[in-house]
Number of protein chains: 2
Amino acid sequence: MTETDEASPARRSIGATRNPASQDAILAAAEAVLLENGLGGFSIEAVARRARAGKPTIYRWWPSQAALLFDVYHNRKRINFIHPDTGNVRDDLRAYLSGLLQTWREGGSGEVFRSLVAKAQGEPAALAALSAYMAERREQSGRIIEKAQTRGEVRADVAPTLVPELLSSFAWGRLLTERLDVSDAEIDAVVDAVLSGIKP
Amino acid sequence: MTETDEASPARRSIGATRNPASQDAILAAAEAVLLENGLGGFSIEAVARRARAGKPTIYRWWPSQAALLFDVYHNRKRINFIHPDTGNVRDDLRAYLSGLLQTWREGGSGEVFRSLVAKAQGEPAALAALSAYMAERREQSGRIIEKAQTRGEVRADVAPTLVPELLSSFAWGRLLTERLDVSDAEIDAVVDAVLSGIKP
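Going by what an unreviewed UniProt entry lists, chain A is known as AcrR family transcriptional regulator and is assigned to Shinella fusca.

Below, the structure is given as structure tokens:
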């Protein structure tokens with residue numbers, strides 16, 4: 001074996017099981033490559049070199065370059081985007097939507113995500129990575145609604161993922177047309193439309 | 001002048017004013033080029049050759065290749081997507097959303113639109129064309145809500161473009177992740193969430 005991660009005991013591969021140390025090292029290297037080279041200059045080769053890991057090790061954990069990029073993107077996002085749990089559904093949804101928009105406005109996360117969405121339109125591996133990522137996000141964000149349902153704030157017949165999907169799709173539309181500057185009043189209008197409807 | 005459209009009296013340019021005959025001929029040529037060559041092989045040169053029009057004539061009317069492609073896309077879409085006016089807002093919104101999803105499932109319109117959205121993430125001219133197109137669509141679709149407001153079905157303080165934006169963003173999200181098969185029950189759930197809210 002010539003994989004450089006095999007040379008360092010701290011990063012020794014343990015087969016198909018993810019080794020957290022190596023995984024973190026690769027994610028950190030991938031983030032550094034992304035920040036230095038941009039998405040156009042991003043490559044698994046460059047990540048492998050920087051992380052002193054073998055390409056097969058990286059591909060064992062991430063099926064595609066896009067899958068690795070989604071993990072890097074989400075890792076960076078988590079810094080700003082704590083999952084809201086305020087105790088009431090209106091504030092949770094406002095925090096969710098404004099957190100998403102704010103994250104995309106700051107620090108290049110929005111640029112990375114919109115590039116990945118664009119990439120997914122032409123590359124099956126990128127689409128698979130986007131789909132897997134979004135399925136995970138919907139499940140995670142759906143907990144806002146599930147908790148609201150146990151508190152009796154949302155009807156039991158509402159699919160938990162529906163509302164986060166409506167809000168995140170709204171945010172996608174804004175990101176992909178460069179209209180991320182959404183006022184607090186607009187955020188409230190979107191959340192209140194979905195929560196309370198638009199009837200008189 | 002060597003522009004071929006100048007040679008034919010029927011397609012003579014009349015300066016900055018759009019000549020409907022030439023415009024239709026160019027749109028028809030552009031659609032034919034798109035269907036034959038796909039988006040990757042689409043070029044203003046090929047459209048000019050086919051329409052026997054000059055490239056400057058085309059650029060006088062459409063500021064970019066993307067702007068022309070949005071017109072072609074919308075022209076094709078109109079065949080399936082008649083603007084709904086059923087007399088009640090729930091049926092209008094259901095027809096609007098299901099019409100959009102159906103149009104995207106059929107005849108390559110969805111493939112064209114998602115490619116244009118992807119293109120807009122890297123090309124300022126394509127983003128400008130997408131933004132102009134969406135602003136026009138929001139205004140047009142906002143009339144569903146304006147009419148509902150005059151009928152007293154929707155509160156007067158609701159921004160008319162908000163609801164079509166929520167529904168079309170939902171459809172974008174589905175298109176861009178290849179989940180366009182939305183059941184009638186799901187369409188109703190989306191429309192009813194926005195119309196009536198999700199509270200008990």
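**Student:** Just to check I follow, could you spell out the relation of the copies chain B and chain A for this structure?
**Tutor:** Both copies of the chain are tied together by a single rotation about an axis and a shift running along it. Superposing chain B onto chain A takes a rotation of 180° combined with a translation of 0.0 Å along the rotation axis, leaving an RMSD of 0.0 Å. Between the two chains, the operation in question is that of a two-fold axis.

**Student:** Just checking my understanding: could you explain the pattern of salt bridges for this structure?
**Tutor:** Any two side chains of opposite charge can pair, so long as their charged atoms come close to each other. All names here are of chain B. Across all of its chains, the model carries 30 salt bridges over all chains by this definition. The partner of E111 in a salt bridge is R114, with the nearest N and O atoms 3.1 Å apart. One end of the pair, E111, and the other, R114, are both in helix α7 (residues 109-120), 3 residues apart, so they sit about a helical turn from each other. A residue is classified by how much of its surface remains accessible, and E111, at 46% relative accessible area, is partly exposed. A relative accessible area of 3% places R114 in the buried class.

**Student:** I'm lost on empty space enclosed by the protein in this one. Help?
**Tutor:** The rolling of a water-molecule-sized probe over the atoms marks out the regions of remaining empty space. This structure, assessed with the given rule, holds 4 cavities of 30 Å³ or more. There is about 150 Å³ of room inside the largest cavity. What lines the largest cavity is a set of 16 residues, among which K77, Y96, M134, R137 and S168 of chain A lie closest to the centre. Per-element accounting of the lining of the largest cavity gives the leading share, 5 residues, to helix α8 (residues 124-150) of chain A. The residue inventory of the lining of the largest cavity, partitioned by class, reads 10 nonpolar, 2 polar and 4 charged. Of the voids in this model, the second largest cavity is the one considered here, and its volume is about 120 Å³. Forming the walls of the second largest cavity are 16 residues, and the residues nearest its centre are K77, Y96, M134, R137 and S168 of chain B.

Definitions and cut-offs
Sequence order as written defines the numbering, with residues in each chain counted from 1. Chain A is the first chain written and ligand 1 is the first ligand written, with later ones labelled in order. Given that this is a predicted model, residues contribute local features only at a pLDDT of at least 70 and side-chain atom pairs are listed and counted only at 80 or more, while totals for whole chains, interfaces and linings are drawn from all residues. Calculated side-chain values reflect all of the structure's heavy atoms, with hydrogen atoms and water omitted. Copy-to-copy alignment: least squares on C-alpha atoms, limited to residues at pLDDT 70 or above in both. Salt bridge, as applied in this entry: a Lys or Arg side-chain nitrogen positioned within 4 Å of an Asp or Glu carboxyl oxygen. Helical segments are the DSSP runs of H or I of at least four residues, strand segments are the runs of E of at least two, and each set is numbered from the N terminus. The rule is simple: take the accessible area with a 1.4 Å probe, protein chains only, and divide by the maximum for that residue type; under 20% is buried, over 50% is exposed, in between is partly exposed. Using a 1 Å grid laid over the protein atoms alone, points where a 1.4 Å probe fits but cannot get out form a cavity; open sets with protein on both sides within 12 Å along at least 5 of 7 lines form a pocket; any residue with an atom within 4 Å of a point counts as lining. Grid points are joined across faces, edges and corners, and a volume is the space filled by probe spheres set on the points. When residues are grouped by polarity, Ala, Val, Leu, Ile, Met, Phe, Trp, Tyr, Cys and Pro land in nonpolar, Asp, Glu, Lys and Arg in charged, and all others, Gly among them, in polar.

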